[in-house]
Amino acid sequence: MSSPQITHFGNRQSAALYAAQLCRQVLRKTGRVTPPGKQRPFVVSGGQSVAPVLEHLAREAKQMDGMIIIPADERAVPTDSPQRNESQIKTALPMATLWPLADASGTNWSPTLSDSDTLAWDHAVSLLSMGEDGHIASLFPNLPAVGNEQGQLEITHAPKAPPHRYSWDGAKLGAVAHTVLLVFGRDRCALFDDHKSKQTCADVWPVAHLISGRTALSVVQCA
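Within any chain, residue numbers begin from 1 and follow the written order of that chain's sequence. Where local features are concerned, this predicted model is filtered to residues with pLDDT of at least 70; where side-chain atom pairs are given and counted, the filter is 80 or more; whole-chain, interface and lining totals use all residues. The basis for the side-chain values is all heavy atoms of the structure; hydrogens and waters are excluded.

Peer 1: Mind showing me how you'd approach the packing of helix α2 (residues 50-58) against helix α4 (residues 85-92) here?
Peer 2: For any two helices packed against each other, one specifies the inter-axial angle together with the distance between the axes. Structural elements are reduced to axes, namely lines fitted to C-alpha atoms, with helices fitted over the stretch in contact, and the angle between N-to-C directions of any two is expressed from 0 to 180 degrees. Counting from the N terminus, the helices are the DSSP runs of H or I reaching at least four residues and the strands are the DSSP runs of E reaching at least two. Put simply, α2 and α4 touch, their axes get as near as 9 Å, and they point 30 degrees apart. In terms of orientation, α2 and α4 fall into the roughly parallel class. Where α2 crosses over α4, the two elements pack in a sense that is right-handed. Residue-level inspection shows Val50, Ala51, Leu54 and Ala58 of α2 in contact with α4, the latter providing Gln88, Ile89 and Ala92. The cut-offs work like this: below 35 degrees is roughly parallel, past 145 is roughly antiparallel, 65 to 115 is roughly perpendicular, and the gaps in between are oblique. Handedness of each helix crossing follows the sense of rotation of the near helix against the far helix: counterclockwise by less than a right angle gives left-handed, clockwise gives right-handed. By definition, residues are in contact when any of their heavy atoms lie within 4.5 Å.

In structure tokens:
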């Protein structure tokens with residue numbers, strides 16, 4: 001079980017910069033211990049909170065060059081749609097190697113992920129943000145969070161548009177080496193602190209998948 005390391009900031013610029021520095025640090029650390037012949041991915045969610053962190057990471061072009069990035073979740077819409085998380089990632093980190101979660105049609109798992117057994121998932125790093133309802137990736141409160149044997153979960157009735165999405169499930173997100181979780185906004189910080197103190201179950205509060213998993217969890221808060 002992970003004991004979250006929580007760092008508070010007074011403004012989002014400082015919080016985003018710190019989160020980027022933390023991502024660089026843990027990516028270097030996991031890179032040194034990744035087994036030969038394996039590749040460890042950087043798992044990245046979408047969202048306004050994540051965007052400035054990616055912009056800071058882009059300034060470390062050498063470290064990010066060729067880095068395998070996989071979206072934490074994806075919307076089942078065509079690849080040219082601005083709603084896709086991969087669009088945000090490609091724009092911010094063009095030097096990285098993106099492995100799409102959903103294929104070009106936006107309605108099936110990407111064929112690229114058939115090679116996912118080459119990924120050292122237990123050496124992966126993830127950058128996630130918590131939504132106003134406590135969701136992470138596309139794991140929403142009171143909805144299923146268990147996927148197939150590969151940890152892939154299809155969501156057809158998400159409470160936010162678009163309702164059809166693809167996501168890594170709770171166990172998969174909880175199995176990475178290190179997660180940097182952004183909790184930006186006064187209400188979200190209060191929600192996080194309240195559920196953490198109550199030890200709310202993952203069915204109600206998806207972040208609990210991270211706390212109960214194997215991932216080292218660093219929480220960056222900014223009200």
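Peer 1: What am I meant to see in unusual backbone geometry here?
Peer 2: Residues other than glycine predominantly adopt negative phi, and peptide bonds predominantly adopt the trans conformation. The omega torsion of the bond from Ala161 to Pro162 falls at -10 degrees, within 30 degrees of zero and hence cis. By the element assignment, Pro162 lies in the loop between β7 (152-155) and β8 (165-168). Phi is positive for Ala137, close to 50 degrees, though the residue is something other than glycine. If you trace the backbone, Ala137 turns up in the loop between β6 (125-129) and β7. Looking at Ala137, the relative accessible area reads 6%, which means it is buried. In this scheme, a residue with accessible area under 20% of its type's maximum is buried, one over 50% is exposed, and one in between is partly exposed, where area comes from a 1.4 Å probe on protein chains only.

Peer 1: So what exactly am I meant to see when it comes to the sheet that holds strand β4 (residues 73-75) here?
Peer 2: Pairing between sheet strands relies on hydrogen bonds along the backbone, with the strands arranged either parallel or antiparallel. When DSSP finds two or more bridges between a pair of strands, those strands are recorded as paired. Strands sit in the order β4-β8-β7 across an open sheet of three strands; the sheet is antiparallel. With partners counted over all chains shown, the strands left at the sheet margins are β4 and β7, one partner each. Here the strands of the sheet are splayed against their neighbours by 15 degrees on average, with no regard to which way each runs. As judged from the three bridges shared by β4 and β8, these two strands associate in the antiparallel manner. Within β8, the residue paired with Arg75 across the bridge is Arg165.

Peer 1: Sorry if this is basic, but what is going on with α4 here?
Peer 2: For an α-helix, the turn length of 3.6 residues means that residues three or four places apart are oriented alike. Residues Asn85, Glu86, Ile89 and Ala92 constitute the buried set of α4. Buried residues of α4 fall within an arc of 135 degrees about the axis and therefore sit on the same side. The elements touched by buried residues of α4 are β2 (42-44), α2, β3 (68-71), β4 and β5 (97-98). The arc under discussion is defined with respect to the helix axis, by the directions toward the C-beta atoms.

Peer 1: Help me understand the sheet that holds β3, please; the structure alone is not making it clear to me.
Peer 2: On the basis of which strands lie adjacent, the open sheet formed by seven strands has the order β1-β10-β9-β6-β2-β3-β5 and parallel pairing. At either end of the open sheet lies a strand with only one pairing partner, and these are β1 (5-9) and β5. By the bridge criterion, two bridges tie β3 to β5 in an arrangement that is parallel. Bridge pairing links Ile69 to Leu98 in β5. Contacting β1, β2, β6, β9 (178-184) and β10 (216-222), helix α1 (residues 12-33) runs over the sheet at an angle of about 175 degrees to β9.

Peer 1: How do you make sense of the nonpolar core when you look at a structure like this?
Peer 2: A general feature of soluble globular proteins is that nonpolar side chains tend to end up buried together. The set of buried Ala, Val, Leu, Ile, Met, Phe, Trp, Tyr and Cys residues whose side-chain atoms join them within 4.5 Å is what this entry labels a nonpolar core. Ranked by internal contacts, the top residues of the largest apolar core, which has 39 residues, are Ile70, Trp168, Leu173, Leu181, Phe192, Val207 and Leu210. Elements with a contribution of two residues or more to this core: β3, β7, β8, β9, α6 (186-198), α7 (208-211) and β10. No other element matches the three residues that α7 contributes to this core. Setting aside residues no more than four positions away along its own chain, Leu173 makes contact with Val43, Ile136, Ala137, Leu139, Trp168, Thr179, Leu210 and Thr215. Counting 29 residues, the second-largest nonpolar core is a separate cluster that includes Ala15, Leu98, Val125 and Leu182.

Peer 1: I keep staring at the layout of surface pockets and nothing clicks. Help me out?
Peer 2: Regions of empty space are outlined by a rolling probe, equal in size to a water molecule, passed over the atoms. Lining residues are those with an atom within 4 Å of a point, where the points come from a 1 Å grid over the protein atoms alone and group into cavities, where a 1.4 Å probe fits but cannot get out, or pockets, open sets with protein on both sides within 12 Å along at least five of seven lines. Grid points are joined across faces, edges and corners, and a volume is the space filled by probe spheres set on the points. Here the largest pocket defines a volume of roughly 400 Å³. Forming the walls of the largest pocket are 22 residues, and the residues nearest its centre are Gly46, Gly47, Gln48, Ser129 and Lys160. Charged residues are taken to be Asp, Glu, Lys and Arg, nonpolar residues to be Ala, Val, Leu, Ile, Met, Phe, Trp, Tyr, Cys and Pro, and polar residues to be all remaining types, Gly included. Within the lining of the largest pocket, the residues separate by chemical class into six nonpolar, nine polar and seven charged.

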